[in-house]
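The residues making up each chain are set out below.
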Protein chains: 4
Amino acid sequence: MHHKIQRRIFEIIELDHPEDIYSKTFKIFIITLIILNIIALIISTVEDIYQQYQTCLDSFEIISVTIFTIEYILRVWSCNIAFGYKHPIWGRIKFIFKPLVIIDLIAILPFYLPLLLPNLIFTRSFRIFRIFRIFKITRYSNTTKLFAQVIKSKQEEIIIAIFTGIILLVTSASLMYFAENEAQPENFPNIPAAMWWGVVTLTTVGYGDIYPITPLGKFLGAIAALIGIGIFALPTGIIGSGLIEEIQKKQALNQGKESIICPHCGKKID
Amino acid sequence: MHHKIQRRIFEIIELDHPEDIYSKTFKIFIITLIILNIIALIISTVEDIYQQYQTCLDSFEIISVTIFTIEYILRVWSCNIAFGYKHPIWGRIKFIFKPLVIIDLIAILPFYLPLLLPNLIFTRSFRIFRIFRIFKITRYSNTTKLFAQVIKSKQEEIIIAIFTGIILLVTSASLMYFAENEAQPENFPNIPAAMWWGVVTLTTVGYGDIYPITPLGKFLGAIAALIGIGIFALPTGIIGSGLIEEIQKKQALNQGKESIICPHCGKKID
Amino acid sequence: MHHKIQRRIFEIIELDHPEDIYSKTFKIFIITLIILNIIALIISTVEDIYQQYQTCLDSFEIISVTIFTIEYILRVWSCNIAFGYKHPIWGRIKFIFKPLVIIDLIAILPFYLPLLLPNLIFTRSFRIFRIFRIFKITRYSNTTKLFAQVIKSKQEEIIIAIFTGIILLVTSASLMYFAENEAQPENFPNIPAAMWWGVVTLTTVGYGDIYPITPLGKFLGAIAALIGIGIFALPTGIIGSGLIEEIQKKQALNQGKESIICPHCGKKID
Amino acid sequence: MHHKIQRRIFEIIELDHPEDIYSKTFKIFIITLIILNIIALIISTVEDIYQQYQTCLDSFEIISVTIFTIEYILRVWSCNIAFGYKHPIWGRIKFIFKPLVIIDLIAILPFYLPLLLPNLIFTRSFRIFRIFRIFKITRYSNTTKLFAQVIKSKQEEIIIAIFTGIILLVTSASLMYFAENEAQPENFPNIPAAMWWGVVTLTTVGYGDIYPITPLGKFLGAIAALIGIGIFALPTGIIGSGLIEEIQKKQALNQGKESIICPHCGKKID
């Protein structure tokens, strides 16, 4: 009996049978709850709204954490139904350290930590970590998996782009520090500050809080911008084309391998 | 006789026979009128020009609205020539709710609404909705259809890009609010404000009205920019390649299917 | 004899025989002179340099104009060697209106116009039109031709991108004018000013001289940026892929059609 | 015996045998040392850190330079083991002028130069050239080679993009100087200053330190931005697609040439 309930709960919260109406309801419920949590967090930082709806928002937080806690406990409790997690203790410990389960823990921890350690300084700051609840949603999407595949298939291109990007950033930031440090020591006091200039420039964001003013600095900055933006934009192109390829591959698999049939002899040509 | 006129008007304003000189003239006339309306709206917001040509611009607006109103009435009146809109009342009601016909109504409504509801507060503001007349022009272009096809064929890629983009935007805005709120509470008072920073940064616009000043904020901002701009630029690449594909498909169809000739027997394959 | 000189000059300045050493020398001389002219113009706007080297720079300008004038006269004089320009008068008039020959005239006109019309107001300003001498260099490059081919082959994509871009720009500028005009009438006094905001934002330049400050304006600006930058970046992708295609096509032609030879029967496949 | 040591050192520092444990250790050691040097340089420009860890950082610099000097001497000494560098004097001189060996020299020179020329003005500035040690790392990566191949295979596209980019930059800067010089002589004093505007705008960085304020300047700036950003973004697309092609070519070679099997006779084609 006990085992039967455990199995049923496992089916509902972990498996994704399209016919299982309970599993589907649970899934939609959790996704809705996550989205509502994110919206609640965002609007609760707006002072006016928070003061007006404080009770409502705080209650919602308590209810949400309760549900997420029950969900977490049920996941850990029912996990040893799954193959590879059979052992009542070690199976569960192994399960707890799965990335998605760690995210589930992080999603509720910001609530319990101040209770456990009341004299902790960062108490208020922990609230912001509620934002990590958004990553709970990745469980129900194949986006993470798809990006992992894209990164794997374009591994070499990405490593080269990142490697070249780092060299460019460090070199241009150092030279810019050298060129501008004397003219504007408050904006370019050291290389890390110049690296902030480098990121802002090479990503073409260009806030305007820091930019070269000496002729040498402007010349170096122009060269860095002209070369660098190309290198910094490479990953986009690589990931973009990788994503299109990967999805087309998947769609081709779904449709079954399309083969040309020779109309003359009826045999397949690869 | 009455029915004959109705059919002729339907042919002129709804069908696009290349030989029908009246239909062609009507089409060019309406397109010209739309463009002139947009130009008139733009220049009428320039105080000097408006004061000098007030009578002229106001007259042009009245004439335009009259023509667009007649066009709208004729469209609705003649619509039950078309298959599926035969019923004199329900056919017309169904027709009125077609997207392109709704646009036709929106194009003239800003003129009539203040007359109908004179004590309405937003009276003056309604003038700006004249800009929606620009969408009347989409009736004469296959651009909307083409973009719809591109979005459909690249649906999966676009959904993934938007989903990832939203997660990135919300997460980086929340963390940035956490990092900068104390240092500059006027710029980062809440997460929605930080989301404005997020959009301005991740689209690489970078106005410079809001940017991190603390070391932690700059570090998070650099990471967000480096990862985020790639994700935010994905839709461009996806839509761009989809557009090229879709147009090539269309051009291939126009030219007839190109077939491979088997080199061994000289017969066509596919 | 006279005709022989004319033919020789035509060969030297208009034809591009790889063996003709005079033609090659002339070509290199003119290209060098154009580049030096551009450099001279750029540095002559730097007050310090101009005051120090005024005589030198002014002499160089007079020498350059003399050479370009002689070149222009020789081109027009010798042009009726070419097929289609045989008539001594009409052939030359026809020749004068060729785009490249108009550029040759524009290259020298800024020098003569002030002499012809001494009391002209814009005298000083005409100096800047010397910059158009840079377009003389296009005669010696197939870049213009290549871009023309790319634009032709991607005509449909480019028209759609421009059409969508204009609609987006006009619509977002009008809505932004509506949202921000009251809050900052000095920055958004009218729609043309809002269009400057639109171009600066949708191209992601984002100087920071003009940006929304009201919540509605920020919301509209964010939506416009998210949708618009994709549309505004489309032409780059289209022209980029068109350029790669066009050059590959050209290279394939240069190498002769590569055909696979069947190793079993020695016949060509495809 | 002497020759044997020389050969062994050559094997360790120049060859990259995967089984040679000493060579592998040496490689990892040098790469680690380079990375630590870059980090040390970056943090040593932060005043607080430098003052606290001055002895530590200075000692590390001396140790590093010693190791790099020994490495350099060993490389030059052992080089005449390699084919083509056999001659004891000319072989070594030829070796010293190899690009990678010049980088090795530049990596240590900033340390020795102030010792050799103590009354040199730029003494302090030379410190920044330590950043060039980062290029020592390229010896252990095929990135440089890959980019060289990409640039070679896309040579024509890149030359056209750069050529068009320069023409656009010079033309738009000159016209902008013409339009804005009178209105804001401090921002647009001459064409080189306007070229800084051009680079900042056409790369879409847009710091906001310099932008047009006159209607003509804004109009020209908008046109330049709309056309120019497309041209300036071309190299990214070209290099991106070239990089993907080049890596796929390499991967195809690694996997062995994939051959098509003729379905009719079962023999391989190509």
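Source: prediction; values computed, not measured.

1. Notes on the relation of the copies chain C and chain D
Each copy superposes on the other: chain C lies on chain D with an RMSD of 0.1 Å after a rotation of 90 degrees and an axial shift of 0.0 Å. In symmetry terms, the pair is related by a four-fold rotation axis. Mapped onto chain D, only 10% of the interface residues of chain C are again interface residues, and the two copies thus contact each other with different surfaces.

2. Looking at the interface of chain A and chain B
Contacts between the two partners involve 39 residues from chain A and, on the opposite side, 46 residues from chain B. For the chain A and chain B pair, buried surface summed over both sides reaches about 3,600 Å², with 75% attributable to carbon and sulfur atoms. Taken together, chain A and chain B are joined by one salt bridge. Its salt-bridge partner being K250(A), residue E156(B) comes within 2.7 Å of it at the nearest N-O pair. Between the two partners, chain A and chain B, sit six residue pairs in polar contact (both at pLDDT 80 or more).

3. Side note on the packing of helix 9 (residues 215-254) of chain C against helix 7 (residues 155-180) of chain D
Interaxial distance between helix 9 of chain C and helix 7 of chain D falls to 10 Å at its minimum, and their mutual angle equals 130 degrees. On the basis of the axis angle, helix 9 of chain C is oblique to helix 7 of chain D. Both helix 9 of chain C and helix 7 of chain D take part in a crossing whose hand is right-handed. Across the interface between the two elements, L243(C), I244(C), I247(C), K250(C) and Q251(C) of helix 9 of chain C pack against E156(D), E157(D) and I160(D) of helix 7 of chain D. For the contact of helix 9 of chain C with helix 7 of chain D, the residue count by class is four nonpolar, one polar and three charged.

4. Section: the environment of I12(A)
Residue and element names in this part refer to chain A. With respect to the element layout, I12 can be found in helix 1 (residues 2-13). Taking the relative accessible area as the measure of exposure, I12 reaches 17% and is therefore buried. Separated by 13 residues in the primary sequence, I12 and T25 place their C-alpha atoms 9.0 Å from one another. Setting aside chain neighbours within four positions, we find I12 in contact with D20, Y22, S23 and F26.

5. Points about the interface of chain C and chain D
Listed by partner, the interface residues are 39 residues for chain C and 45 residues for chain D. Between chain C and chain D we count one salt bridge in total. On the surface where chain C and chain D come into contact, there are six residue pairs in polar contact (both at pLDDT 80 or more). Residue assignment for the side of chain C that touches chain D shows that the elements contributing at least two residues are helix 2 (21-44), helix 6 (143-153), helix 8 (191-202) and helix 9 of chain C. Ranked by the residues each element gives to the side of chain C that touches chain D, the list is headed by helix 9 of chain C, at 10 residues. Looking at side-chain class alone, the side of chain C that touches chain D contains 23 nonpolar, 12 polar and four charged residues.

6. Let's talk about the packing of aromatic side chains
Throughout the structure, instances matching the rule amount to 20 aromatic pairs over all chains. On the numbers, 5.6 Å between centres and 35 degrees between planes, the contact of Y211(A) with Y207(D) is tilted. Residue Y211(A) is located in the loop between helix 8 (191-202) and helix 9 (215-254), and its partner Y207(D) is located in the loop between helix 8 (191-202) and helix 9 (215-254); the two belong to separate chains. On the basis of an interplanar angle of 25 degrees and a centroid distance of 6.2 Å, the ring pair of W196(B) and Y207(B) is categorised as stacked. Placement of W196(B) in helix 8 (residues 191-202) and of Y207(B) in the loop between helix 8 and helix 9 (215-255) is noted, with a sequence separation of 11 residues between them.

7. Side note on the side chain of E180(B)
All names here are of chain B. In this fold, E180 is placed in helix 7 (residues 155-180). Summary of buried charges: E180 has no salt-bridge partner, and the nearest side chain of opposite charge, K218, is 8.2 Å away. Here Q184 takes part through its side chain, which lies 2.8 Å from a polar atom of the side chain of E180. Residues in contact with E180, not counting those within four places in the same chain, are P185, F188, P212, I213, T214, G217 and K218.

8. Focus on the pattern of salt bridges
Across all of its chains, the model carries 52 salt bridges over all chains by this definition. Across the pair K249(A) and E246(A) runs a salt bridge, and its minimum N-O distance is 3.6 Å. Remark: E246(A) and K249(A) occur in helix 9; sequence separation between them is three residues, near one turn of the helix. What makes K249(A) partly exposed here is its relative accessible area of 48%. Residues R75(D) and E71(D) are paired through a salt bridge, measuring 2.7 Å at the closest nitrogen-oxygen approach. With a gap of four residues between them, R75(D) and E71(D) both fall in helix 3 (residues 47-78), about one helical turn apart. Note on E71(D): relative accessible area 3%, which makes it buried. Among the charged side chains, a salt-bridge network with shared partners connects E14(A), E71(A), R75(A), D104(A), K136(A) and R139(A).

9. Things to note about the relation of the copies chain A and chain B
For the pair chain A and chain B, the superposition axis carries a translation of 0.0 Å, the fit reaches an RMSD of 0.1 Å, and the rotation angle comes to 90 degrees. Here only 10% of the interface residues in chain A have copies in chain B that are interface residues too; the copies meet through unlike faces.

10. A closer look at the confidence of the model for chain A
Residue and element names in this part refer to chain A. Looking at chain A, pLDDT values average 86 and 90% of them are 70 or higher. Element-level mean pLDDT values for chain A span from 51 in strand 2 (residues 268-269) up to 94 in helix 8. Listed scores for the predicted complex are pTM 0.88 and ipTM 0.86.

Quick notes on the rules
Residues numbered from 1 in each chain as written. Chains lettered and ligands numbered in written order. Predicted model: local features only at pLDDT ≥ 70, side-chain atom pairs only at ≥ 80, totals over all residues. Heavy atoms only, no water. Least-squares fit on C-alpha atoms with pLDDT ≥ 70 in both. Contact = heavy atoms within 4.5 Å. Buried area = accessible area lost by both parts, 1.4 Å probe. Salt bridge = Lys/Arg side-chain N within 4 Å of Asp/Glu carboxyl O. Polar contact = N/O pair within 3.5 Å; in protein donor to acceptor, adjacent residues only side chain to side chain. Axes fitted to C-alpha atoms, helices over the stretch in contact; angles between N-to-C directions. Helix = DSSP H or I, 4+ residues; strand = E, 2+ residues; numbered from the N terminus. Parallel < 35°, antiparallel > 145°, perpendicular 65-115°, else oblique. Left-handed = near helix turned anticlockwise from the far one by under 90°. Nonpolar A, V, L, I, M, F, W, Y, C, P; charged D, E, K, R; others polar. Buried < 20%, exposed > 50% of the residue type's maximum accessible area, 1.4 Å probe, protein only. Phe/Tyr/Trp six-rings, centres within 6.5 Å; stacked < 30°, edge-to-face > 60°. Lys, Arg positive; Asp, Glu negative; His and termini not counted. pLDDT = per-residue confidence, 0-100.

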